[in-house]
Amino acid sequence: VLRHEGWRKLEYIPWNLGEKGNPALKDVRVRTALARAVPLEPMLMDLLTTRRGERLGRPAIGTLPPSLCRSHADELQRLESDPAAAKQLLQEAGWQDSNGDGLVDQQGQPLRLRLIGHSGVPMHQEITEAIQKNLAEIGVDLHVELLDAEAYAARLSEKDWDGVLLSWSAGLTPDLKGNWGSEGPWNFGSYQNPAVDELLAREATLDQTEEALQLRHQLQQKIYEDQPALFLFWVDEVSVLHNRMEDAEVDVLSPFSHLHHWQVPPDEILRDNNGNILPKPNP
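Bear in mind that the values here come from a model prediction, so they are computed numbers and not experimental data.

1. Some words on the side chain of histidine 124
Then, number 1: Tracing the backbone shows histidine 124 in helix H4 (residues 122–136).
Then, number 2: Histidine 124 gets classed as buried once you look at its relative accessible area, which sits at 1%.
Then, number 3: Among residues more than four places away in sequence, those in contact with histidine 124 are Glu11, Gly117, His118, Leu146, Tyr152, Leu165, Leu166 and Ser167.

Written out as structure tokens, the structure is:
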């Protein structure tokens, strides 16, 4: 049997808006074009749908987990995938295929982006291959590097990338400032928006009032409109248990939060012909 742990793990790609990132990413039209070029449904079907059709992923619109049901902006609609609209946005930003080689360019310089991922996360290869193909369809050349843990951490810290694929385990307190405040410790792409900073400062003074919840929804809207990252999907991780186990529940805090309640009924305990519990313990 499967026990669902809940929505806490996020797959997303912050764009590097700092000095080492591609200057093209500073244009919100380019970032929006990248978002509109990537359809999530094929990835969700391939990576997070069981043979019985059960979906273990849901599209993301930000970094607040859906488990924070009042704080999460459920009403916020994702941008629909539309390669034609993506190409139009790139053209408005001055990027078009001037020489017929299939890549959009400015003054002969093609739009090339560097994306890093973690080779130790099997899903990263499939995600990056899909996105690479999607962006090629709108004329963007995405160069992907899957790195081991040490190299990945070093490159992430050095900000030597245009985009980084993260498997992010979100906190269970509503902390937008940590990810999107100008000085936020988890603001990997150096995103800065004075209007967002002002709202974050105001939110911090309101604690958990209804006004704070409304402000949190407003912040998610403004951040999503800025597209500082390619938000992909939340993963509903599951625990697999034998059906002899009773009162075995898991939750978003930990699969073992309720371990003290787990039990196997006496008549379901596996024993050998002599009545000893299996497997037989070592002497």
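More follows now that the structure is in view.
2. A short note on the sheet that holds strand E7 (residues 163–164)
Then, number 1: Taken in spatial order, the 3 strands make up an open sheet running E6-E5-E7, and their pairing is parallel. Both outer strands of the open sheet, strand E6 (141–147) and E7, are each paired with one neighbouring strand and no more.
Then, number 2: Packed on one face of the sheet, helix H5 (residues 149–158) meets strand E5 (112–118), E6 and E7 and runs near 135 degrees to E5.

3. With respect to the sheet that holds strand E1 (residues 2–14)
Then, number 1: Spatial strand order, E2-E9-E1-E8: 4 strands in an open sheet with antiparallel pairing. Both edges of this open sheet fall to strand E2 (57–59) and strand E8 (166–169), since each of them pairs with a single strand only. Averaged over all pairs of adjacent strands, the angle between their axes in this sheet comes to 30 degrees, without regard to strand direction.
Then, number 2: By the bridge criterion, 11 bridges tie E1 to strand E9 (residues 229–240) in an arrangement that is antiparallel. Bridge pairing links isoleucine 13 to leucine 230 in E9.

4. Topic: the packing of helix H7 (residues 194–204) against helix H8 (residues 210–226)
Two measures define how a pair of helices packs: the angle their axes make with one another and the distance between the axes.
Then, number 1: Relative to each other, H7 and H8 sit at 160 degrees, their axes nearing to 10 Å. Comparing the axis directions of H7 and H8 gives the class roughly antiparallel. Of the two elements, H7 crosses H8, and the hand of that crossing is left-handed. Contacts between H7 and H8 involve Ala195, Val196, Leu199, Leu200, Arg202 and Glu203 from the former and Glu211, Leu215, Arg216, Gln218, Leu219, Lys222 and Ile223 from the latter.

5. Looking at the pattern of salt bridges
Then, number 1: In this structure the tally under the stated criterion is 12 salt bridges.
Then, number 2: The residue arginine 112 makes a salt bridge to aspartate 141 at a minimum N-O spacing of 2.7 Å. A residue pair is termed long-range when its members are at least 10 positions apart, and arginine 112 in strand E5 and aspartate 141 in strand E6 qualify at 29 residues.
Then, number 3: Overall, arginine 112 belongs to the partly exposed group, its relative accessible area being 45%.

6. Here's the deal with unusual backbone geometry
Then, number 1: Despite not being glycine, glutamine 107 has its phi angle at roughly 50 degrees, a positive value.
Then, number 2: Tracing the chain through its elements places glutamine 107 in the loop between strand E3 (105–106) and strand E4 (109–110).
Then, number 3: Residue glutamine 227 is not a glycine yet carries a positive backbone phi of 50 degrees.
Then, number 4: Considering the arrangement of structural elements, one finds glutamine 227 in the loop between H8 and E9.

7. Topic: a negative patch on the surface
Then, number 1: On the surface, a cluster of negative charge is made up of Glu246, Asp247, Glu249, Asp267 and Glu268.
Then, number 2: Turning to its location among the elements, glutamate 249 is positioned in the segment after E9.

8. A look at the packing of aromatic side chains
The description of an aromatic ring pair uses the distance of the two centres, along with the angle that the planes make with each other.
Then, number 1: Counted according to the given criterion, the structure contains 7 aromatic pairs.
Then, number 2: Their ring planes at 5 degrees and their centres at 6.1 Å tell us that tyrosine 12 and phenylalanine 231 sit as a pair that is stacked. With a gap of 219 residues between them, tyrosine 12 in strand E1 and phenylalanine 231 in strand E9 connect regions that are remote in the sequence.
Then, number 3: Consider the rings of tryptophan 168 and phenylalanine 188, whose centres lie 5.7 Å apart with planes at 80 degrees: the pair is edge-to-face. Here the residue tryptophan 168 occupies a position in strand E8, and phenylalanine 188 occupies one in the loop between helix H6 (176–180) and H7, the gap between them amounting to 20 residues. Each member of the pair, tryptophan 168 as well as phenylalanine 188, is classed as buried.
Then, number 4: Among the aromatic residues, those joined into a cluster by ring pairs are Tyr12, Trp180, Tyr191, Tyr224 and Phe231.

9. Thoughts on the environment of alanine 35
Then, number 1: You can see alanine 35 is positioned in helix H1 (residues 28–37).
Then, number 2: Alanine 35 sits in the buried class, given a relative accessible area of 5%.
Then, number 3: Ignoring any residue separated from it by four or fewer positions in sequence, one finds alanine 35 in contact with Leu79, Gln227 and Leu230.

Here is what the cut-offs are and how they apply
- Residues numbered from 1 in each chain as written.
- Predicted model: local features only at pLDDT ≥ 70, side-chain atom pairs only at ≥ 80, totals over all residues.
- Heavy atoms only, no water.
- Helix = DSSP H or I, 4+ residues; strand = E, 2+ residues; numbered from the N terminus.
- Buried < 20%, exposed > 50% of the residue type's maximum accessible area, 1.4 Å probe, protein only.
- Contact = heavy atoms within 4.5 Å.
- Pairing = 2+ DSSP bridges.
- Axes fitted to C-alpha atoms, helices over the stretch in contact; angles between N-to-C directions.
- Parallel < 35°, antiparallel > 145°, perpendicular 65-115°, else oblique.
- Left-handed = near helix turned anticlockwise from the far one by under 90°.
- Salt bridge = Lys/Arg side-chain N within 4 Å of Asp/Glu carboxyl O.
- Patch = residues over 30% accessible without salt bridge, like charges linked within 9 Å, V, L, I, M, F, W, Y side chains within 5 Å.
- Areas by Shrake-Rupley, 256 points an atom, 1.4 Å probe, with all protein chains shown as cover.
- Lys, Arg positive; Asp, Glu negative; His and termini not counted.
- Charge placed at Lys NZ, Arg CZ, Asp CG, Glu CD.
- Phe/Tyr/Trp six-rings, centres within 6.5 Å; stacked < 30°, edge-to-face > 60°.

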